[in-house]
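A structural walkthrough
Given next are the chains, with one letter for each unit.
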Amino acid sequence: GDSVTQTEGLVTLTEGLPVMLNCTYQSTYSPFLFWYVQHLNEAPKLLLKSFTDNKRPEHQGFHATLHKSSSSFHLQKSSAQLSDSALYYCASNYGNEKITFGAGTKLTIKP
Amino acid sequence: NSKVIQTPRYLVKGQGQKAKMRCIPEKGHPVVFWYQQNKNNEFKFLINFQNQEVLQQIDMTEKRFSAECPSNSPCSLEIQSSEAGDSALYLCASSLKGQLSNERLFFGHGTKLSVL
């Protein structure tokens, strides 16, 4: 069935280093992909989403590229900040009315 | 700040008790989702609505939960007989569209249920 896979459960990085969080999807369709971020004790909120015209979405220094050939939508940032510490969820809308979330990646940025 | 309002923020129940939580979606959003976020931070889809109609729900929700989104009233999710395994954060989210779109979900802060 349709699914979203995030391979890293925990990622710990030093401030200033690049960030890459993996997301792959499995579907017979071409879904829309999203990254949501949840800071401690806050509601999850959208970080960025894929577009139909292959534009690369960017927000707060983060970007992600939808690669249909590899079924991936990895999240990247060139330089991590302390405030980036949070839970990150990749999600997809396959058109079956429910939006599927990956297991989440807990990102911790250390000074 | 989130415009999806969930009440109560915290709910403590004994096993076998009913547990009811409410959600006011963002104004103008016809689609409402409920997710359960467990202690491992994983999201489990429970049910979603378009206006007052159920679009999709999982088997557990159909058997043990009662949910509705009446017009002009908050949506609600009620566990009929709480179990220890139901302890989790229950997140409500709303959207302008559901099916195959890149419309975002707007989440509330959740109701944290503890079943003793």
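If you're wondering where the values come from, they're calculated on a predicted model, not measured in any experiment.

Rules used throughout
Residues numbered from 1 in each chain as written. Chains lettered and ligands numbered in written order. Predicted model: local features only at pLDDT ≥ 70, side-chain atom pairs only at ≥ 80, totals over all residues. Heavy atoms only, no water. Contact = heavy atoms within 4.5 Å. Buried area = accessible area lost by both parts, 1.4 Å probe. Salt bridge = Lys/Arg side-chain N within 4 Å of Asp/Glu carboxyl O. Polar contact = N/O pair within 3.5 Å; in protein donor to acceptor, adjacent residues only side chain to side chain. Helix = DSSP H or I, 4+ residues; strand = E, 2+ residues; numbered from the N terminus. Nonpolar A, V, L, I, M, F, W, Y, C, P; charged D, E, K, R; others polar. Buried < 20%, exposed > 50% of the residue type's maximum accessible area, 1.4 Å probe, protein only.

Let us now look at the interface of chain B and chain A. Between chain B and chain A, the contact holds 25 residues from the first and 25 residues from the second. Carbon and sulfur atoms make up 57% of the surface buried where chain B meets chain A, a total of about 2100 Å² over both sides. At the boundary of chain B with chain A, the tally comes to zero salt bridges. Taken together, the links from chain B to chain A amount to five residue pairs in polar contact (both at pLDDT 80 or more). Looking at the side of chain B that touches chain A, the elements that each hand over two or more residues are strand 4 (31-37), strand 5 (43-50), strand 6 (53-57) and strand 9 (88-95) of chain B. Residue composition of the side of chain B that touches chain A, grouped by class: ten nonpolar, eleven polar and four charged.

Per the stated rule, a full pass over the model turns up four salt bridges over all chains. With a shortest N-O distance of 2.8 Å, Asp-84 of chain A and Lys-77 of chain A are connected by a salt bridge. Take Asp-84 of chain A: its relative accessible area is 6%, and that puts it in the buried class. Here Asp-86 of chain B ties to Arg-64 of chain B by a salt bridge, and the two come within 2.5 Å at their closest N and O atoms. In this pair, Asp-86 of chain B sits in the loop between strand 8 (75-79) and strand 9 while Arg-64 of chain B sits in helix 1 (residues 59-64), placing the two residues 22 residues apart along the sequence. Taken as a pair, Asp-86 of chain B and Arg-64 of chain B share a single burial class, namely buried. Because the salt bridges share partners, they merge into one network encompassing Arg-64, Glu-83 and Asp-86 of chain B.

These figures capture arrangement, not role.
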